[in-house]
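Residue-level structure breakdown
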Amino acid sequence: MTALREKQGDDDVLTAGGLVNLNGAAVRFDASGVLHWPEERLLVVADLHFEKGSSHGVRGRFVPPYDTRATLRALAEVIGRLRPERVIALGDSFHDGDAEARLAPADLEALSALVGSVDWTWVAGNHDPSPPAGLGGRPVAEIVIGPLVFRHEPRPGRALGEVAGHLHPAAKVGRTRSVRRRAFVCDGSRCLLPAFGAYTGGLNVMDAAFKGLFERSRLIAWMLSDGRVYPVRSAEFLPD
Amino acid sequence: MNETNLLPPKFEAWFASRGWSPRAHQLALLEHGLAGRSVLLIAPTGAGKTLAGFLPSLVDLAARPKWKPGTRRRGVHTLYISPLKALAVDIERNLETPVGGIGLDIAIETRTGDTSASRRQRQKLIPPDILLTTPEQLALLLAARDAETFFEDLKTVVLDELHALVTSKRGDLLALGLSRLRAIAPGIRTVGLSATVAEPDELRAWLVPQTSGEPLSLSEVVTVAGGAQPDIRIFEADESIPWAGHSARYAYEGLLAEIDRRRMTLIFVNTRSQAEMVFSELWRLNDANLPIALHHGSLDVGQRRKVEAAMADGRLRAVVATSTLDLGIDWGDVDLVIHIGAPKGASRLAQRVGRANHRMDEPSTALLVPANRFEVLECQAALDANYIGAQDTPPIRDGALDVLAQHVLGRAVAGPFRADDFYAEVASAYSYRHLDRERFDRVVDLVATGGYALRAYERYAKIKLTADGTWRLTHPRFAQAYRLNVGTIIESPMLKVRLGGKARGRGPVMGGRLLGEVEEYFCEQMKVGDTFLFAGEVLRFEGMRETEVIVSRARSSDPRIPVYAGGKFPLSTFLAASVRKMLSDPSSWHKLPTPVRDWLELQRDHSLLPRPDELLVETFPHRGRYFLALYPFEGRLAHQTLGMLLTRRLERFGQKPLGFIATDYVIGVWCAADVGAAFVRGEPTLSRLLEPDMLGDDLEAWMAESYLLKRMFKSCAMIAGLVEKNAIGAQKTGRQVTVSTDLIYDVLREHQPDHVLLEAAWADASSGLLDLGRLSDMLSRINGRIVHKRLDRISPLAVPIMLEIGGERVAGEADEDVLRQAADEIIREAMA
C-alpha cells in the first residue's frame, strides 16, 4: 500500500493539499467515505440505508438492529470534524419506505438533531423516492452547484461533473494477497461515492454496471482503509 | 451364572455353525441389554464391536411377535447413529451376515442425505426395525410432526465411534437429539461403542441423563483389553532425518520398497495438500507402476467411490488418504499402515493403525515416518503410548449455545413446547448440564427475535409465547428454513474444480470433467496461469465461472502455488507431555535414531535440556537480529496465540519484535533489540513477560483487531440460524442484499457486547483455534519455572525453528534444496 501513495505526485487529477480536481471543483475524498468540498463548506454522503438491518426481520433474519445507530454515530463524527454548512444526502438514505417508522426513538431524535444543525438536502433515491416528512431538510430530485451536479443514480455514458452514489463502488487489488475495500471512483469528470451505511456492501468496479461510465485511463479508485485513503489506478484492479 | 443361557438357541446355533463362540464382551452387553441398562463398550478395532452393540436388539427383535396387518404400525426399535454416512452403509452390510445366517425377519435400513425422497416417505409409513443414520438426520426426524409416533416404540440407541462424535458440535447436536428421544420414549437405553479413551467416565456420563446438582450418573462399562500388540516401527532411512519441513521426501524410495513387499498399504497423512504431494511424489518414483491411488475429502464423490471399490476388490497396492478413511470402515485386506508426519495424538494413531489387519488375533503392522527431528520425538512418544495403552482425546466441553439455538427452532418445528419442560430436558444432557435457566431463556429469545436489547423484531418473531403458555412456530416457512440449514458443519465455501481448456480471449473454455472441490479462499489468491497440485495432477488455473474453478492440465511438473503442508491438528496435550519427558530423560534416548540422539546430546552440551515442568527460553543473536526461542511443546494453536500476545508485550517493553513463527513444538520470535540483554537486566524479567495475566487485557485488545473471532462468529450465526447457509432461490446480487456477517459482528460488538452469539463465538475461539485453555494451563504450569539461557549463537534445538523462519511457505521441489542450503549454514553455526 505504501507504493500506492507514492503515485499521488504524478497524477493530473490531483491538486495541492490532497484536493482532487473534479470537473474544476477542488474536492477532498475523506477517509470516512464522505466527499468534502471545502470551498463551498459542503459535505456529500451517499447511500446511508438507515434501517437496512431491521428490513431483514420480515424474512426472519434477525441481524442486529444497531446499524442506524452506528451509521448516525459515524456521520455525526465527520460532521463534527469537518464542520460543513451544507450536507447533501445522495439518495437511498432510508432502506425502504417503511424505514422511518422503524427508527428507534433515540435514533430518530439523533437524526433530527443532525439534520437541524446544518442546511440539509435529501436527494431522492430508488429506495426512498419520496423523502421522509417529519425530519426537516429539503427534498430534491437532483441539485446543481457550480460545475457539479448531484444525483443518486449515475446517468448512462459520460456525464461531466456528476457526483452520484447508488452503485456502492468497491475495489480489489493486490498481488499475493488481495484486499477489497469501499472506494470513491473518479476519472476527473465524474465521481461515484462509496456507500456510507453500516450494513452496505460494495460492488466491484470491474462489474458490468460501471461499464462506459468512466474514461479508464484516468480512472482512479480511492480505497478506504483504516482511516486512510489509498488511490489506486485502474490497471491494478482485480475482479472478484 | 452361565451367561450363554441368555443367547437363544437360534443364535447359539449360528455361532456354532461358523465355528465361533460368542465373546465375553458380547455376552456382557447382551446381559446389560436384556436388563435394560445403558452401557459403554470400549474395545479396540476388530473386536466385533458392531455385533456386540446390536446383539441385544437382535435377540429382542427375534422374540417380538410378527406385525399383523390391520394393527398399528410399530415405530423404530433400534436407532444406530454414526458420524459417517459411509459407516452406516457399511454396518447395514455387516449386519446382513448374522441376520441372514440366523434367519431373522428384521428390517434394517439406512437414512442419510443420499436416501431418496420416496424411500424416506416409505420409512415414515413403515418404519424399519433398525434404522441406521447420522446426527443431522436424527435432528431432521425429530423436527418432523410425526416424530413422536415414529420414535414412541424406540428401545435402544446405538452410538458408534462415540469418542470421535462427542468432542465436536455434532456431538452437541446429538446430545440434544438424545435428550429429545428420552422425552419421547422414556425407557430407552443407550449403547456407546468407543475406541480406548483416557477418561471413560466422561463417555459413561454422556450416555445417560443427568440431574443438576446431583453427582454424575454413569452408564455401565465393558472394556475389552487390546488384542495382539501392534507391530509399529519408526521408519529408518539411510539418509539423515531432515531438520525441518513436512514433506518426508527422504523416505519415499524406501516406502515404495515397503509397498512392493506388501499386499495392500494404507498411507495416512494429516492434510489434503500433504496427500496430494505425497501421492504425486510417489508416482514420480514409481518405476514399477504399482497401482497407487489417492483418497481425500475434497475429491469428487464418484472418484472416491471408485477408489474404495478398487480397494475392496484388491486391485490396488496402496492408497494415500486423509481422515476421510479414518473411522472404522472396512475396506479389504490392508496389511501395512504407513503414517507420514507425526500422528499428533495417540488416539489418532491407534485408530489409524487399527486399519491394518482388521482381525484382533493378528498384530497390525505400521510404519511411522517422521518428517523432521521433532517429529521423531513425537512419533517415539506416540509409539510408547500405543504400547502402554494410554490414550488421549480432548475433554468434552460444555455444549455450544449456537447448536442449542438450532435445536430450539427444531423443537418448535416439531410442535408447541413449554419452556420449563424443555429446559429440564436439555439440561439433562451431559453436555448441557451446566446450562443455567437464564442462558437458556436468552437462547430462546435469540431464536424468537434475535436476542437484542433493542426490541426491533417483535412483530417478525419466528416463535411466540402463546396464551396457553406454549412456544409456537409463527410461520411454516421457518420450518422449511430449518430443514435446509440443519447441521453444525460449516465449511468454508467449496468451489467445484472442472477441467476445461486454456483461457483464450474472453475467458476459459468450459465443459470438461469434474475433478472435485477446493476451498474458496484457496482460489482467491490465484491468477490465470498459476499452477497448483490437485487430484494428483498439476493443474493450471484458467478462471472462475460462478461456483466453478476452470482448470487445464499443466505441462510443468512443479506447481507454483505453495500450500500449507503442516498438520491440521495440533499436538495433543498427552503427547506433548511425553515429548517433554523424553527430552529431559537421556536414559530414554536409546530408542531414538543416532542423528536425533546426537542432536539432543549437542543441545545438552551447548545449551541445556529443560526438565518436564520447566520452560526453556533461549536468546541469541543471528545476522544482526536478536532471537528468542521458547520450547513449550503445547501445539501449534496455543503457540500461535502465545506468539501474538508475546510480540504485543515485547513491543510494549521496547524490544521491537519484528515477527514470530510457531510450530507444534517451538515459538521463535525475532527482535531488533537485544532481548536477551533486556531479560538479564530485568527489563522486563522473563517471568513478568510470561505472566498468566497476559490472557486478560492483552488478549482482549488483540481479539478486538483479529479476524479470527469474526470467522467464529460467522459459523455461530449460521448454526444458530441468524443468517442462512442455504435459502431457496437465494442469489447474491452485486450490491449484496444480504448483510455480511463481518459487518454484523462489528456492529454487534459495539452495541451489544454481551449478546449470546458473541459469547458462543468466544467460547469456540477459546477452545478451538486459540486453544486458550491449554495456553492458560501452560502459563500456570511454568510460572516460576522459566529457565533462560543466553547464548552467543543458535542452539542445536533452535535449528528447526530457524529453518522454518527461512523456509516457511516454500514448497514444491525447490524447498528441500533451499532448506538444505540454509540448513548447512545454520547447522555449522549451531554445532561449532
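Residues numbered from 1 in each chain as written. Chains lettered and ligands numbered in written order. Predicted model: local features only at pLDDT ≥ 70, side-chain atom pairs only at ≥ 80, totals over all residues. Heavy atoms only, no water.

1. Notes on the overall build of chain A
The cut-off we apply is this: Segments assigned H or I by DSSP are reported as helices when at least four residues long, segments assigned E as strands when at least two residues long, and all are numbered from the N terminus. Each residue is placed in one exposure class: buried if its accessible area under a 1.4 Å probe, protein chains only, is under 20% of its type's maximum, exposed if it is over 50%, and partly exposed if it falls in between. Whether two residues are in contact is decided by their heavy atoms, any of which lying within 4.5 Å being enough.
Each helix and strand counted, chain A has five helices and 16 strands in total. When the 240 residues of chain A are sorted by exposure, 57% land in the buried category. Here the contacts in chain A between residues at least 6 apart in sequence split such that 68% fall between residues at least 24 apart.

2. Looking at the interface of chain A and chain B
How big an interface is tends to be stated in terms of accessible area lost as the parts join. Test applied: Buried area is a sum: the accessible area each of two parts loses on coming together, probed at 1.4 Å, counted once for each and added. Within this document, salt bridges are pairs made up of a side-chain nitrogen of Lys or Arg and a carboxyl oxygen of Asp or Glu, the two lying within 4 Å of each other. A 3.5 Å cut-off defines polar contacts: any pair of N or O atoms within that distance qualifies, except that in protein one atom must be a possible hydrogen donor and the other a possible acceptor, and neighbouring residues in sequence count only when both atoms are side-chain atoms. Residue polarity is assigned by list, with Asp, Glu, Lys and Arg as charged and Ala, Val, Leu, Ile, Met, Phe, Trp, Tyr, Cys and Pro as nonpolar; anything else, Gly included, falls into the polar class.
Counting residues at the interface gives 33 residues for chain A, matched by 34 residues for chain B. In this assembly, chain A packs against chain B so that about 2900 Å² is buried in total across both faces, 59% of it on carbon and sulfur atoms. Put simply, chain A and chain B have two salt bridges between them. Across the pair R459 of chain B and D98 of chain A runs a salt bridge whose closest N-O atoms are separated by 3.9 Å. One can count seven residue pairs in polar contact (both at pLDDT 80 or more) joining chain A with chain B. Looking at the side of chain A that touches chain B, the elements that each hand over two or more residues are α2 (52–55) and α3 (67–82) of chain A. Per element, the largest residue contribution to the side of chain A that touches chain B is four residues, and it comes from α3 of chain A. Here the side of chain A that touches chain B is composed, by residue class, of 12 nonpolar, 12 polar and nine charged.

3. Focus: the confidence of the model for chain A
All names here are of chain A. Note the threshold: The score called pLDDT rates the predictor's confidence residue by residue, from a low of 0 to a high of 100.
Taken as a whole, chain A shows an average pLDDT of 87; of its residues, 91% reach a score of 70 or greater. Least confident of the elements in chain A is helix α1 (residues 2–6), whose mean pLDDT is 34; most confident is strand β4 (residues 42–45), at 98. For the stretch residues 1–16, pLDDT sits under 50, and the model shows 28 contacts to residues farther than four places along the chain or on other chains.

4. Some thoughts on the packing of helix α16 (residues 401–414) of chain B against helix α18 (residues 437–449) of chain B
Residues and elements named next belong to chain B. The following threshold applies: Simply put, an axis is a line fit to the C-alpha atoms, just over the touching stretch for a helix, and the angle between two N-to-C directions goes from 0 to 180 degrees. An angle below 35 degrees is read as roughly parallel, one above 145 as roughly antiparallel, one from 65 to 115 as roughly perpendicular, and any other as oblique. For any pair of crossing helices, the crossing counts as left-handed if the nearer helix is rotated counterclockwise from the farther one by less than a right angle, and right-handed if it is rotated clockwise.
Packing of α16 against α18 leaves a shortest axis separation of 9 Å and a crossing angle of 60 degrees. Classed by the angle they form, the pair α16 and α18 counts as oblique. Between α16 and α18 lies a crossing whose hand is right-handed. Residues L401, L404, A405, V408 and L409 of α16 touch α18, and the partners they reach there are R439, F440, V443, V444, L446 and V447. Here the contact of α16 with α18 is built from residues that sort into 10 nonpolar, no polar and one charged.

5. A closer look at the packing of aromatic side chains
The cut-off we apply is this: The criterion for an aromatic pair is that two Phe, Tyr or Trp rings (for Trp, the six-membered ring) have centres within 6.5 Å, with stacked assigned to planes under 30 degrees apart, edge-to-face to planes over 60 apart and tilted to the rest. Distance and angle both matter: a charge sits over a ring if NZ of Lys or CZ of Arg is within 6 Å of the ring centre and within 35 degrees of the ring normal.
Throughout the structure, instances matching the rule amount to 25 aromatic pairs over all chains. Taking the centre distance of 5.1 Å and the plane angle of 85 degrees together, the rings of F150 of chain B and F151 of chain B count as edge-to-face. Arranged with centres 6.1 Å apart and planes meeting at 90 degrees, the rings of W243 of chain B and W599 of chain B form a pair that is edge-to-face. With W243 of chain B in the loop between β8 (231–234) and α11 (252–261) and W599 of chain B in helix α22 (residues 594–606), this pair connects stretches of sequence that are 356 residues apart. Members of the aromatic cluster, each reached through a chain of ring pairs, are F62 and Y66 of chain A together with Y452, Y457 and Y460 of chain B. Looking at R18 of chain B, its charged tip hangs above the ring of W20 of chain B, at a distance of 4.8 Å from the centre.

6. Thoughts on the pattern of salt bridges
Tallied over the entire structure, the rule returns 53 salt bridges over all chains. Taking the shortest distance from any N to any O, the salt bridge between R81 of chain A and D30 of chain A comes out at 2.9 Å. Of this pair, R81 of chain A sits in helix α3 while D30 of chain A sits in the loop between β2 (25–29) and β3 (35–37), placing them 51 residues apart in sequence. On the accessibility criterion, R81 of chain A (42% relative accessible area) is partly exposed. Here E634 of chain B and R774 of chain B are joined by a salt bridge, their closest N and O atoms 2.8 Å apart. Here R774 of chain B lies in helix α30 (residues 772–782) and E634 of chain B lies in the loop between β24 (625–630) and α23 (636–652), a separation of 140 residues in the sequence. Neither E634 of chain B nor R774 of chain B differs from the other in exposure class; each is buried. Look at the salt bridges and you will find they share partners, linking E142, R151, R155, E162 and R190 of chain A into a network.

7. Let's talk about the sheet that holds strand β9 (residues 265–268) of chain B
All names here are of chain B. Here is the rule: In this analysis, strands are considered paired if DSSP registers two or more bridges between them.
Taken in spatial order, the six strands line up as β8-β13-β12-β9-β11-β10 in an open sheet, and their pairing is parallel. Each edge of the open sheet carries a strand with a single partner, namely β8 and β10 (292–295). Averaged over all pairs of adjacent strands, the angle between their axes in this sheet comes to 20 degrees, without regard to strand direction. Summarising the sheet, β10 and strand β11 (residues 318–321) pair through four bridges and their orientation is parallel. Each bridged residue has a counterpart across the sheet, and for H295 the counterpart in β11 is A321.

8. Observations concerning the sheet that holds strand β1 (residues 39–42) of chain B
Consider a sheet: its strands pair through backbone hydrogen bonds, and that pairing is either parallel or antiparallel. Residues and elements named next belong to chain B. In space, the seven strands of this open sheet follow the order β3-β4-β2-β5-β6-β1-β7, with parallel pairing throughout. Bordering the open sheet on either side are β3 (108–111) and β7 (220–223), each of which pairs with just one other strand. Across the sheet, the mean angle from the axis of one strand to that of its neighbour is 15 degrees, orientation sign disregarded. Here strand β2 (residues 78–81) runs beside strand β4 (residues 130–133); their pairing, made up of four bridges, is parallel. Note on β4: the bridge partner recorded for Y80 is L132. Where helix α10 (residues 200–207) meets the sheet, its contacts fall on β1, β5 (156–159), β6 (189–194) and β7, and the angle it forms with β1 comes to roughly 145 degrees.

9. Focus: the environment of R442 of chain B
All names here are of chain B. Residue placement: R442 occurs in helix α18. In this structure R442 comes out as partly exposed when scored by relative accessible area, which is 24%. Taking the C-alpha atoms as reference points, R442 and Y452, 10 residues apart in sequence, are found 9.6 Å from one another. Those residues within four positions of R442 in sequence are excluded, and the remaining contacts are D754, H755, V756 and E759.

10. Quick word on unusual backbone geometry
Across the chain, the bulk of peptide bonds are trans and the bulk of non-glycine residues have phi less than zero. Following E683 of chain B, the chain continues into P684 of chain B via a peptide bond in cis, with omega recorded as 0 degrees. Within the secondary structure, P684 of chain B sits in the loop between α24 (675–681) and α25 (686–689). The backbone phi angle of D92 of chain A is positive, close to 50 degrees, even though this residue is not glycine. As for its placement among the helices and strands, D92 of chain A is situated in the loop between β5 (86–89) and α4 (99–102). Although it is not a glycine, E161 of chain B sits at a positive phi angle of roughly 50 degrees. Along the polypeptide, E161 of chain B turns up in the loop between β5 and α8 (162–165). Judged by its relative accessible area of 5%, E161 of chain B is buried.

11. Side note on the environment of L758 of chain B
All names here are of chain B. Among the structural elements, L758 can be located in helix α29 (residues 756–767). With relative accessibility at 10%, the residue L758 sits in the buried group. The spatial distance from the C-alpha of L758 to the C-alpha of F713 is 6.6 Å, given a sequence separation of 45 residues.

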